[in-house]
Amino acid sequence: MTVASDHRVTDRVHQELRAQIISGDLPAGTRLSVPALAQKLGVSRSPVREAIVRLVQERLAREEPRRGAVVPEVSDRELIAIYEVREVLEGLATRLAVENAGRRLIRQLEDLVQEQERAVALSDRVAASEADVAFHRLIREAADNPEVVRMLDDVQTQVRMAMRTTQVTGGVTNAIADHRAILAAMDAGDPRAAEEAARAHISRLRHVLVEQGRENP
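Residues numbered from 1 in each chain as written. Predicted model: local features only at pLDDT ≥ 70, side-chain atom pairs only at ≥ 80, totals over all residues. Heavy atoms only, no water.

As for helix α6 (residues 125-142)
With 18 residues, α6 should cover 26 Å at 1.5 Å per step; its first-to-last C-alpha distance of 26 Å lies within 8% of that length. Of all the residues in α6, the buried ones are Ala-127, Ala-128, Ala-131, Asp-132, Ala-134, Phe-135, His-136, Leu-138, Ile-139, Arg-140 and Ala-142. With its phi angle positive at about 60°, Asp-144 sits one or two positions after the end of α6. (Helix = DSSP H or I, 4+ residues; strand = E, 2+ residues; numbered from the N terminus. Expected span 1.5 Å × (residues − 1). Buried < 20%, exposed > 50% of the residue type's maximum accessible area, 1.4 Å probe, protein only.)

See below:
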């Protein structure tokens, strides 16, 4: 087997395990056994071992004494800390998006907000969530800053993992109102107002998490 072929196998194994962890098919606490996974995926142990190293680097797996790599659980305290960082990064991304993007971005964001509104009207939580994620993804991509995109992608991955066991929402109506406030500031071409609106959106969600933690100590 060639080096290029080895890399392809490792990439495939990494992507498959990554998807299963994020989706919850490999839930928190699952031990990532190299022999078992290699047998399950029909590959040798080497690419599985390398894929797990990548997952640990991405914080999608954690090394534990006497257990090896396991799928981590994101605690409420960790999630609140993640949201503190996310607030700053989402604000920065939104300001940069206003400075770098044109009218096409505004039209695309408006389409996503309308899609979210339709999904909520139909009580389609999956579609509403997908539109929400797409709204934020489009803004960070428009920021045109690879470091901001990389950090927010990492943050969003951690949030998705945490959401398997923790539900944070200030209400879908509030979320849409937040998105419309962000969009209005962006449409006005006001980078600072857009940054403040984006930060207010994430700050509201963070405070919901804090309150949930007080109610469920």
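Topic: the pattern of salt bridges
Per the stated rule, a full pass over the model turns up 16 salt bridges. The partner of Arg-206 in a salt bridge is Glu-87, with the nearest N and O atoms 3.2 Å apart. Taken together, the residues span a long stretch of sequence, with Arg-206 in helix α9 (residues 191-215) and Glu-87 in helix α4 (residues 76-100) at a distance of 119 residues. Residue Arg-206 shares its accessibility class with Glu-87, and that shared class is buried. Residues joined in a network through salt bridges with shared partners are Glu-87, Arg-199 and Arg-206. (Salt bridge = Lys/Arg side-chain N within 4 Å of Asp/Glu carboxyl O.)

Regarding the domain arrangement of the protein chain
Entries for the protein chain in the domain assignment read domain 1 (2-71) and domain 2 (76-215). Spacing between the C-alpha centres of domain 1 and domain 2 amounts to 30 Å. With 13 residues of domain 1 at the interface, the matching set in domain 2 holds seven residues. Of the roughly 740 Å² buried between domain 1 and domain 2, counting both surfaces, carbon and sulfur atoms make up 46%. If you sort the residues of domain 1 by the area they bury against domain 2, Ile-22, Arg-59 and Leu-60 come out on top, with a joint share of 61%. Linking domain 1 with domain 2 are two salt bridges, by the criterion used here. (Domains from an automatic or database assignment. Contact = heavy atoms within 4.5 Å. Buried area = accessible area lost by both parts, 1.4 Å probe.)

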